[in-house]
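A look at the structure
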Amino acid sequence: MKAHPQDYIKIMREEIIKEEQASFMNQVGAVFGYLTSASLGQMADQALAREQSVAIRENAVENLPELLETFEKNAVKNGMEVLWAADAEEARSIIKDLVKKHEVKVITKGKSMISEEIDLNHYLEAELGVKIYEGDLGELIVQMRGTPPFHIVGPAINLNIQQIAQTLVDHIGMEYTEDAKAIANYVRTFMRRQFEQADMGITGVNMAVASTGSIILVENEGNIRWSTAAPKVHVAIMSLEKVVADMADAFHIMEMLSRSCTGQGMTSYVSVLSGPRAAGEYDGAEKMYVVILDNGRSDIYQDPFLRQALKCIRCGRCGTACPIYLTVGAYPYGWCYPGPMGTVISPLLLGLDDTYDVYQACTLCGGCKSVCPAGIDHVELFHHYRAMKVAGDKRFKAAPVSPVERAGFKSWAAAMKNPTLYEKSVGLIRYYLNLGSKEGQVSKMPGPLKAWSAYRDLPMAEKTFHQYWAEREKTSVSEKEAAAGSDKGGQDHE
């Protein structure tokens, strides 16, 4: 999909009024919170398990170049062809050439956020006219509707049964029904025909194992296996941070991903692919390609602090712990990565200017950080993004804030450090607030403060804090004197 995070405010205003959606998403957040907490609680030592997953991801990111080289060497030994793409354009071009080389007409796909990142479906359809079908039911629905996934686990989780049914009626000729079982059966039959005639399967990569040259895919529907085993050609696309050192690391991360994602001890289907079909094997692709995408990640890696953003394992747990995401949903983020996950990665890949409203919207509550199995410090990253934006950072496309804004905050900082200046500044602010007050409510603030009152009224305090404190102290003294007098009057005199 084409990224448009600069439209955050516009789309947020459209989404925030959808009260039923917000109510439902908050229920989803509560359910996922319970399921994941219960599942993680079943582990022998949950804290130790998290420490291990954090250490595994830190090790993988810190040793990324070496692990990628090892993975490539072993994958090639296994019969895979490893192709490197510097950016989205090169990745699309590589896959386009593979489609042409193998005379592909029909492609089926496993759920892949990285293919969404490079807008692969639209590109191949426009350039080559091939037919592309998402294998995951939720992804198929949002593909038909032309919208981004709403959640990394449940792409169509925000849609009701009527919307889903009508989408399938409009696009694949299903007879209208609101029976969920009947809908699933119809789509299963429809997709079975596409899987059987597909010339190429395209998937993402949940993890790439350096020591064995294998890729691992996890799912609950089983449709990814159709895309990897039925077509003659399988293309797996991975972002370069998906690599881990060995199988032990991979399976620990897989367990933490499943428990943090859906509350399962393990997903229903786990596929470990170590090359194309070998002699004597009955299924699997005849040719297998792995496309490793950079797309700005090397720039992130160069910064020792920012590289922690590459630790994300795409479990999506942070989204169901985020009050912003649960209120406004996925669409305002303007890309395939919604919620805190998107707030971490999008500014670094798309630029701090274009994603300004995305990371500014965060309340810094830390809910995402508290549940992250990879140990990402979301809050400090968001603080850092804001500081980078203020100062300007050419690496990540951030122009410095205006001289007027900088001067304003410098003045405020000076006032906060000087009691006299602070008192006068507060008095000045109170004066300006009173200009827009009516019946004890400030409904319109002047100048740069107007955004604070655009959608809410600010109740005016009747007295300053110092006035309240002085009255409190006076009352306290009076009560103590009264108590003292009462004790004196109650004494016995002999």
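In this report, the structure presented in the accompanying data block is examined. Just so you know, these numbers come straight off a predicted model, no measurement behind them. Chains are numbered independently. Their residues run from 1 in the order of the written sequence. This being a predicted model, a pLDDT of at least 70 is required before a residue's local features are given, and a value of 80 or more before pairs of side-chain atoms are given or counted; all residues contribute to the totals for chains, interfaces and linings. Here the side-chain values reflect all heavy atoms present in the structure, with hydrogen atoms and water set aside.

A word on the pattern of salt bridges
Salt bridge, as used here: a side-chain nitrogen of Lys or Arg that lies within 4 Å of a carboxyl oxygen of Asp or Glu. Within this structure, the stated rule accounts for 16 salt bridges. Residue Glu134 pairs with Lys109 through a salt bridge whose shortest N-O separation is 2.8 Å. In this pair, Glu134 is assigned in strand β3 (residues 131–134) and Lys109 in strand β2 (residues 106–109), connecting sequence segments 25 residues apart. The pair Glu134 / Lys109 is uniform in exposure class, with both members buried. Linking Lys389 and Asp353 is a salt bridge whose minimum nitrogen-to-oxygen distance equals 2.7 Å. Strands are runs of DSSP state E lasting at least two residues, helices are runs of H or I lasting at least four, and both sets are numbered from the N terminus onward. Any residue under 20% of the maximum accessible area for its type is buried, any over 50% is exposed, and the rest in between are partly exposed; the area is computed with a 1.4 Å probe on protein chains only.

Regarding the pairing of strand β7 (residues 233–239)
Side-chain positions along a regular strand alternate between the two faces of the sheet. The buried fraction of β7 is high, at seven of seven residues. Alternating positions in β7 separate into two faces, Val233, Val235, Ile237 and Ser239 on one and His234, Ala236 and Met238 on the other, with burial throughout. Pairing geometry for strand β4 (residues 200–203) and β7, over four bridges, is parallel. Within the sheet, the bridge partner assigned to Thr203 lies in β7 and is Ala236. Here the rule is simple: two strands pair whenever DSSP picks up at least two bridges between them.

A closer look at the sheet that holds strand β1 (residues 81–85)
Here we have six strands laid out as an open sheet, ordered β1-β10-β7-β4-β2-β3, and parallel in their pairing. Because the sheet does not close on itself, it has two edges, and the strands there are β1 and β3. Averaged over neighbouring strand pairs, the angle between their axes works out to 20° when direction is ignored. Throughout, a residue-residue contact means that at least one pair of heavy atoms, one from each residue, lies within 4.5 Å. Comment: axis = line fitted to C-alpha atoms, over the contacting stretch for helices; angle = value between 0 and 180 degrees taken between N-to-C directions. Each of β2, β3, β4 and β7 touches helix α7 (residues 120–128); the most contacted strand, β3, lies at about 160° to it.

Observations regarding the sheet that holds strand β8 (residues 243–244)
Taken together, the four strands give an open sheet; going across it, the order is β8-β5-β6-β9, and neighbouring strands pair in mixed fashion. Both outer strands of the open sheet, β8 and β9 (269–273), are each paired with one neighbouring strand and no more. Here two bridges tie strand β5 (residues 207–209) to β8, and the two strands are oriented parallel to one another. Bridged to Ala208 within β8 is Val243. Together, β5, β6 (214–219), β8 and β9 form the strand contacts of helix α12 (residues 247–261), whose direction differs from that of β6 by roughly 15°.

So, a nonpolar patch on the surface
Patches here are clusters of residues that have more than 30% relative accessible area and form no salt bridge, with a 9 Å joining cutoff for like charges and a 5 Å cutoff for nonpolar side chains (Val, Leu, Ile, Met, Phe, Trp, Tyr). For every accessible area listed, the method is Shrake-Rupley and the probe measures 1.4 Å; residues are considered covered only by the protein chains on display. Side chains of Trp412, Met416, Tyr422 and Ile429 sit close together on the surface and give an oily, nonpolar patch of about 370 Å² of accessible area. Here Met416 is to be found in helix α19 (residues 403–417).

Quick word on the environment of Ile141
With respect to the helices, strands and loops of the structure, Ile141 is situated in helix α8 (residues 137–145). Residue class for Ile141 comes out buried when judged on its relative accessible area of 3%. Spatially, the C-alpha atoms of Ile141 and Ile164 are 7.0 Å apart, while their sequence positions differ by 23 residues. When near neighbours in sequence (up to four residues on either side) are disregarded, Ile141 contacts Ala156, Leu159, Ile164 and Thr167.

What to know about the packing of helix α5 (residues 88–101) against α7
Their axes nearest at 11 Å, the elements α5 and α7 cross at an angle of 50°. Overall, the two elements α5 and α7 adopt an arrangement that is oblique. For the crossing formed where α5 meets α7, the hand is right-handed. The residues of α7 that touch α5, namely those facing Arg92, Ser93, Ile95, Lys96, Val99 and Lys100, are Leu120, Tyr123, Leu124, Glu127 and Leu128. All amino acids are sorted into three groups, where Ala, Val, Leu, Ile, Met, Phe, Trp, Tyr, Cys and Pro are nonpolar, Asp, Glu, Lys and Arg are charged, and the leftover types, Gly among them, are polar. Here the contact of α5 with α7 is built from residues that sort into six nonpolar, one polar and four charged. Oblique is the label for every angle not falling under 35 degrees (roughly parallel), over 145 degrees (roughly antiparallel), or within 65 to 115 degrees (roughly perpendicular). Left-handed describes a crossing in which the near helix is turned anticlockwise from the far one by less than a right angle; the clockwise case is right-handed.

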